[in-house]
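# Architecture and fold: a report
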Amino acid sequence: MYSNDLPNQVVSIFRGILSNETQNVSLHEPTFKGNEWKYIKECLDTGWVSSVGAYVDRFERDLAAFTGSANVVAVVNGTAALHICLLVAGVQPEDEVLIPSLTFVATANAVTYCGAIPHLIDVAGDTLGVDASKLGEYLKEIAVIQQDGRFYNKNTGRRLSAVVPMHTFGHPVELEGLMELCEKYRLVLVEDAAESLGSYYKGKHTGTFGHIAALSFNGNKIITTGGGGAILTANQEWARRAKHLTTTAKIPHRWLFIHDETAYNYRLPNLNAALGCAQLEQLPLFLDQKRKLAAQYVQKFSGIPGISVVQEPAHSTSNYWLNALRLDAPDINLRDSILERTNGSGFMTRPTWTPMHKLEMYKASPQMDLSMTEKIESSVINIPSSPTLVNSFYKEE
Ligand SMILES: *Cc1c(COP(=O)(O)O)cnc(C)c1O
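If you're wondering where the values come from, they're calculated on a predicted model, not measured in any experiment. (Residues numbered from 1 in each chain as written. Predicted model: local features only at pLDDT ≥ 70, side-chain atom pairs only at ≥ 80, totals over all residues. Heavy atoms only, no water.)

Turning next to unusual backbone geometry. A positive phi is found at Leu128, a non-glycine position, where the angle reads about 65°. Positioned with a positive phi, Ala249 is a non-glycine residue whose angle comes to about 50°. Within the fold, Ala249 resides in the loop between helix H8 (236-246) and helix H9 (270-301). (Helix = DSSP H or I, 4+ residues; strand = E, 2+ residues; numbered from the N terminus.)

Every buried residue belonging to helix H7 (residues 175-185) is among Leu175, Gly177, Leu178, Leu181, Cys182 and Tyr185, and all of these are buried. Here the buried residues of H7 occupy an arc of 160° about the axis, which is enough to place them on one side. Exposed positions of H7 whose direction lies more than 90 degrees from the buried face are Glu180, Glu183 and Lys184. The elements touched by buried residues of H7 are helix H6 (132-142), strand S4 (143-145), strand S5 (151-153), strand S6 (160-163), strand S7 (188-192) and strand S8 (200-201). Backbone nitrogen of Glu176 and a side-chain oxygen of the N-cap are separated by 3.2 Å at the start of H7; the cap is Glu174. Count one or two residues on from H7 and you reach Arg186, which has phi positive near 50°. (Buried < 20%, exposed > 50% of the residue type's maximum accessible area, 1.4 Å probe, protein only. Arc of directions from axis to C-beta. Contact = heavy atoms within 4.5 Å. Polar contact = N/O pair within 3.5 Å; in protein donor to acceptor, adjacent residues only side chain to side chain.)

Contacts to the ligand come from 15 residues, most closely from Gly78, Thr79, Glu195, Ser216 and Lys221. At 2.7 Å from an oxygen atom of the ligand is found a main-chain nitrogen or oxygen belonging to Gly78. A distance of 3.3 Å separates an oxygen atom of the ligand from a polar side-chain atom of Lys221. Protein burial of the ligand: of its 380 Å² of free accessible surface, 92% is covered by the chains. (Near = heavy atom within 4 Å. Areas by Shrake-Rupley, 256 points an atom, 1.4 Å probe, with all protein chains shown as cover.)

On inspection of all chains with the given rule, the structure shows 10 aromatic pairs. Judged by centre distance (6.2 Å) and plane angle (65°), the ring pair of Phe14 and Tyr297 falls under edge-to-face. Of this pair, Phe14 sits in helix H1 (residues 6-17) while Tyr297 sits in helix H9, placing them 283 residues apart in sequence. The burial state of Phe14 is the same as that of Tyr297; both residues are buried. Residues Phe151 and Tyr185 carry aromatic rings whose centres are separated by 4.9 Å and whose planes lie at 70° to one another, so their mutual orientation is edge-to-face. Of this pair, Phe151 sits in strand S5 while Tyr185 sits in helix H7, and the two are 34 residues apart along the sequence. Note on accessibility: Phe151 and Tyr185 belong to one class, buried. When the ring centre of Phe209 is taken as reference, the NZ or CZ atom of Lys204 above it lies at 4.4 Å. (Phe/Tyr/Trp six-rings, centres within 6.5 Å; stacked < 30°, edge-to-face > 60°. Lys NZ or Arg CZ within 6 Å of the ring centre and 35° of its normal.)

Mapping Asp336 onto the fold places it in helix H10 (residues 332-344). Sequence-wise, Asp336 and Gly306 are 30 residues apart; in three dimensions their C-alpha atoms are separated by 15 Å.

Let us now look at the sheet that holds strand S13 (residues 316-317). One open sheet holds the 3 strands; their spatial order is S9-S8-S13, and the pairing between them is antiparallel. Unpaired on one side and paired on the other, strand S9 (204-205) and S13 mark the two borders of the sheet. Summarising the sheet, S8 and S13 pair through 2 bridges and their orientation is antiparallel. Along S13, the bridge assignment pairs Tyr200 with Thr317. (Pairing = 2+ DSSP bridges.)

Moving on to the sheet that holds strand S14 (residues 323-327). The 4 strands are arranged S12-S14-S16-S15 in an open sheet whose pairing can be described as antiparallel. The strands lining the two open edges of the sheet, one partner per strand, are strand S12 (307-309) and strand S15 (350-351). By the bridge criterion, 4 bridges tie S14 to strand S16 (residues 380-383) in an arrangement that is antiparallel. If you follow Asn323 over to S16, its bridge partner there is Ile383.

To continue, consider the nonpolar core. Counting residues in each nonpolar core, the largest one holds 53 residues, and the members touching the most others are Leu86, Val97, Leu135, Leu139 and Ile231. Element by element, the count of residues in this core is highest for helix H4 (residues 78-88), at 7 residues. In this structure, Leu135 is in contact with Leu98, Ile121, Val130, Val163, Leu178, Leu181 and Met368, ignoring residues within four places of it in sequence. Counting 40 residues, the second-largest nonpolar core is a separate cluster that includes Tyr39, Tyr55, Ala74 and Ala213. (Core = buried A, V, L, I, M, F, W, Y, C linked by side-chain atoms within 4.5 Å.)

As structure tokens, then:
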């Protein structure tokens, strides 16, 4: 047994503030307290449930208004959004795309769908996302410009075409440094903003810094459409292209079925969009509840040595999608005994994703030094983060 008392301390803090008497406390549950039933009933009553219907257009408009993105294309899930973002960004087979090793597997898979190769890069300790200055040093070493004006990996001879920062648990990446690098090395900036709806970097919504970005509305995200995603871009031509590629490349016509290239059936159904419209109306409430929940965790864990709560990085407003504890000293055994104790006591907690460089299909991918990724893997634990949990605190106080 691990002698450290931290696992017990974590459980007793959870017991003090989260009620798990009737059922286990989950990591993140969706909340349906708004117009969900009303909008979905309307879809069923009118028969507009599938690929055509007013809620898809409305959801896209509402997302554009909320994020400040000029164009939004709603799609079936976040992975599909990433796939299309990369295609629209011009990622070609055999290109290398720089992605953090610390991410959900969808980021790497989307690169693979394009026939390209994920090139794994390290993250920063404060943001948990791509470390721009470390990447800058690395590119100085490996990137060489060729006749075509583009940069290539001198070790593999492959073109470096894009970089995909991911805003881990909703915390914004340090985007300014990264944008400078993209400029310098002619990389397309594709933001994986799947986790960061409602998160801002220097006052501007995440997903609006890159050339194009992907959102996700999976069941565990801050708002859900059941399954769903969206593509954000300021570039109208790219938005048109994204829409075309996600709707089987059909040429609009009153009755003819003409498709001008092999494309995808990735359009978000109206039924899911209806759910999304109702959820988006409640996003400001969820954001408020999540900030309060995070603040409570920070307060309760502040006196416990050896552990802290992950907080939003400088210059950022995080949506605090998933709260996380972090051990001062990375220690995979201690991490595991905290996971054991908390899950065994009815409080769902989870480690970070297994980094991409440790997965069978990506372990041979080109990669830089990934020491911070490994430190984070052995020190960070996600803890219950449903927005409604904040109510149990208020009962107590
Ligand atoms: C959720 C998520 C996605 C997309 O997931 P879908 O389930 O396909 O909507 C992509 N990247 C990250 C980092 C995610 O967390």
